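# Topology and contacts: notes
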Amino acid sequence: MAETHVLFVEDDDVIREATQLALERVGFTVTAMPDGLLGLEAFRADRPDIALLDVMVPGLDGVSLCRRIRDESTVPVIMLSARADSIDVVLGLEAGADDYVTKPFDGAVLVARIRAVLRRFGHAAGPEGAGQGGAEGEAEGLGGVLAFGDLEVDTDGMEVRRGGEQVALTPTEMRLLLEFSSAPGTVLSRDKLLERVWDYGWGGDTRVVDVHVQRLRTKIGQDRIETVRGFGYKLRG
């Protein structure tokens with residue numbers, strides 16, 4: 001099985017080298033770049049399986065780089081941010097990132113988050129993560145075409161149509177919609193969505209859920225997913 005290829009963009013030499021070694025030690029192939037412009041070139045040349053982007057890098061900042069990548073690909077993106085309360089976290093998620101990790105981070109935690117994202121996207125997730133289906137098998141088991149007003153969710157073909165027109169969703173957005181469409185009218189808490197969609201076996205930042213719900217709403221209709229204050233979200237049937 002081919003090794004998972006990681007693009008890592010980080011301008012701090014010590015962090016970049018140490019993280020690259022840590023990822024290579026567990027079996028990943030890593031292309032490490034010190035700025036966003038070189039990172040974009042490497043992405044286009046190598047087409048990695050996942051991108052790790054520091055928010056504050058020269059040339060082309062991480063958020064802008066994420067937007068460029070998302071314009072061209074649905075490859076998973078994890079943002080790295082120095083502050084958990086930074087607006088950069090939300091900006092990164094709004095730009096299309098699938099998750100984020102706060103610096104300083106533990107190498108084992110970063111590897112676990114990478115593998116969790118890759119499992120959601122159906123990649124190998126490195127030698128220890130190979131063969132783990134996660135929630136992917138659950139989504140595949142839904143089967144058929146589900147209709148909600150003008151919204152159709154083809155759970156076999158993994159396609160979504162609104163008013164007959166195909167809607168382009170990232171894999172994370174698709175998995176989020178599959179969770180909602182498997183139980184229309186049922187309120188799903190943010191913690192439950194973090195567990196099912198993001199594969200968090202521990203508490204996570206619910207902003208990840210909120211931003212992805214907002215992104216999903218812009219594509220399938222603002223009123224299709226209802227906020228139930230204090231509890232979570234539900235899909236209107």
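Structure shown above.
Report follows, based on the coordinates.

Rules behind the numbers
Residues numbered from 1 in each chain as written. Predicted model: local features only at pLDDT ≥ 70, side-chain atom pairs only at ≥ 80, totals over all residues. Heavy atoms only, no water. Pairing = 2+ DSSP bridges. Helix = DSSP H or I, 4+ residues; strand = E, 2+ residues; numbered from the N terminus. Axes fitted to C-alpha atoms, helices over the stretch in contact; angles between N-to-C directions. Core = buried A, V, L, I, M, F, W, Y, C linked by side-chain atoms within 4.5 Å. Buried < 20%, exposed > 50% of the residue type's maximum accessible area, 1.4 Å probe, protein only. Contact = heavy atoms within 4.5 Å.

### Things to note about the sheet that holds strand β5 (residues 99-102)
- Strand order in the open sheet formed by five strands is β2-β1-β3-β4-β5, with parallel pairing between adjacent strands. Every interior strand has two partners, whereas the edge strands, β2 (29-33) and β5, have only one. Averaged over all adjacent pairs, the angle separating strand axes in this sheet is 20°, with direction ignored.
- Pairing geometry for strand β3 (residues 50-54) and strand β4 (residues 77-81), over four bridges, is parallel. For Leu52, the partnering residue across the bridge sits in β4 and is Ile78.

### Focus: the sheet that holds strand β9 (residues 165-167)
- With antiparallel pairing, the four strands of this open sheet are ordered in space as β6-β7-β8-β9. In this open sheet, the two edge strands, each paired with only one partner strand, are β6 (145-148) and β9. This sheet shows a mean twist of 25° between the axes of neighbouring strands, independent of strand direction.
- The sheet contact formed by β6 and strand β7 (residues 151-154) spans four bridges and is antiparallel. The residue bridging Phe148 from the neighbouring strand is Leu151, located in β7.

### Quick word on the nonpolar core
- In terms of nonpolar packing, the biggest core is built from 49 residues, with Leu53, Met79 and Phe180 touching the most fellow members.
- Apart from residues lying up to four places away in sequence, Phe180 is in contact with Leu188, Leu193, Val213, Leu216, Ile225, Tyr233, Lys234 and Leu235.
- Among the nonpolar cores identified, the runner-up in size contains 17 residues, and Val30, Ile78, Val111 and Phe121 belong to it.

### Some details on the environment of Gly59
- Structurally, Gly59 can be placed in the loop between β3 and α3 (62-72).
- Of the residues examined, Gly59 reaches a relative accessible area of 62% and is grouped as exposed.
- For the pair Gly59 and Gly36, spaced 23 residues apart in sequence, the C-alpha to C-alpha distance is 5.5 Å.

### Observations concerning helix α8 (residues 171-181)
- Of all the eleven residues making up α8, ten are buried; the element is thus mostly covered by neighbouring parts of the structure.
- Along α8, the positions that sit buried rather than exposed are Thr172, Glu173, Met174, Arg175, Leu176, Leu177, Leu178, Glu179, Phe180 and Ser181.

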